[in-house]
Amino acid sequence: MASLSDECSNLKREYDACFNKWYSEKFLKGDVTEGCVDIFQKYKTCVMKAIQEKQIDKLIADARKDDPFKSVPQSPSAKRS
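The text that follows walks through the structure, step by step, so that each part is easy to find.

### Describing the overall build of the protein chain
Line of reasoning, step 1. The secondary structure content of the protein chain amounts to four helices and zero strands.
Line of reasoning, step 2. In the protein chain, the order of α-helices and β-strands from amino to carboxyl end is α-α-α-α.
Line of reasoning, step 3. Taken over 81 residues, the protein chain has a buried fraction of 17%.
Line of reasoning, step 4. Relative to all contacts within the protein chain whose residues are 6 or more apart in sequence, the contacts with residues 24 or more apart total 57%.

Spelled out as structure tokens, the structure:
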């Protein structure tokens, strides 16, 4: 799957590959130390720039103002406690 911006797609592929390797080779074997932090930060920075350039940040801000989910209903199992 491509990223939000073509400029970010290579970073996304690099992060996906790093994450999949970390998850299968470390996390699933009990090693919960963080992995892929540097590439994730680069990818996140790229995506945030694309969000601003495409003015999606304004849509996000408007959606947060609307706040349609003022309260989250509890599941039946949570009410039994």
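### Considering the state of the cysteines
Line of reasoning, step 1. Per the counting criterion, the structure on display carries two disulfides.
Line of reasoning, step 2. Here C8 is linked by a disulfide to C46, with a sulfur-sulfur distance of 2.0 Å. Note on the C8 and C46 pair: the S-S dihedral is about -95°, so by sign convention the disulfide is left-handed. Linking C8 in helix α1 (residues 6–25) with C46 in helix α2 (residues 37–53), this pair joins segments that are 38 residues apart in sequence.
Line of reasoning, step 3. Exposure remark for C8: the relative accessible area of 0% places this residue in the buried category.
Line of reasoning, step 4. Residue class for C46 comes out buried when judged on its relative accessible area of 14%.
Line of reasoning, step 5. Taking only the cysteines that form disulfides and numbering them from first to last, the protein chain has the pattern 1-4, 2-3.

### Side note on the pattern of salt bridges
Line of reasoning, step 1. Within this structure, the stated rule accounts for three salt bridges.
Line of reasoning, step 2. When the shortest N-O distance is used, the salt bridge between E53 and K49 registers 3.8 Å. Remark: K49 and E53 occur in helix α2; sequence separation between them is four residues, near one turn of the helix.
Line of reasoning, step 3. Overall, E53 belongs to the exposed group, its relative accessible area being 52%.
Line of reasoning, step 4. A salt bridge links D62 to K65; its shortest N-O distance comes to 3.9 Å. Here K65 and D62 lie together in helix α3 (residues 56–66), a separation of three residues that amounts to about one turn.
Line of reasoning, step 5. Judged by its relative accessible area of 40%, D62 is partly exposed.

Reading the values: rules and limits
- Residue positions within a chain follow its written sequence, with the count starting from 1.
- Confidence filtering applies because this is a predicted model: local features only for residues at pLDDT of at least 70, side-chain atom pairs given and counted only at 80 or more, and all residues used for totals across whole chains, interfaces and linings.
- Remark: hydrogens and water are excluded; side-chain values derive from all non-hydrogen atoms of the structure.
- Secondary structure elements are taken from DSSP: a helix is a run of H or I of four residues or more, a strand is a run of E of two residues or more, and numbering for both begins at the N terminus.
- Whether a residue is buried, partly exposed or exposed follows from its accessible area with a 1.4 Å probe, protein chains only, as a fraction of its type maximum: under 20%, in between, or over 50%, in that order.
- Only heavy atoms enter the contact rule, under which two residues are in contact if any of them lie within 4.5 Å.
- Here, a disulfide means two cysteine sulfur atoms that sit within 2.5 Å of each other.
- Salt bridges are defined as contacts in which a side-chain nitrogen from Lys or Arg sits within 4 Å of a carboxyl oxygen from Asp or Glu.

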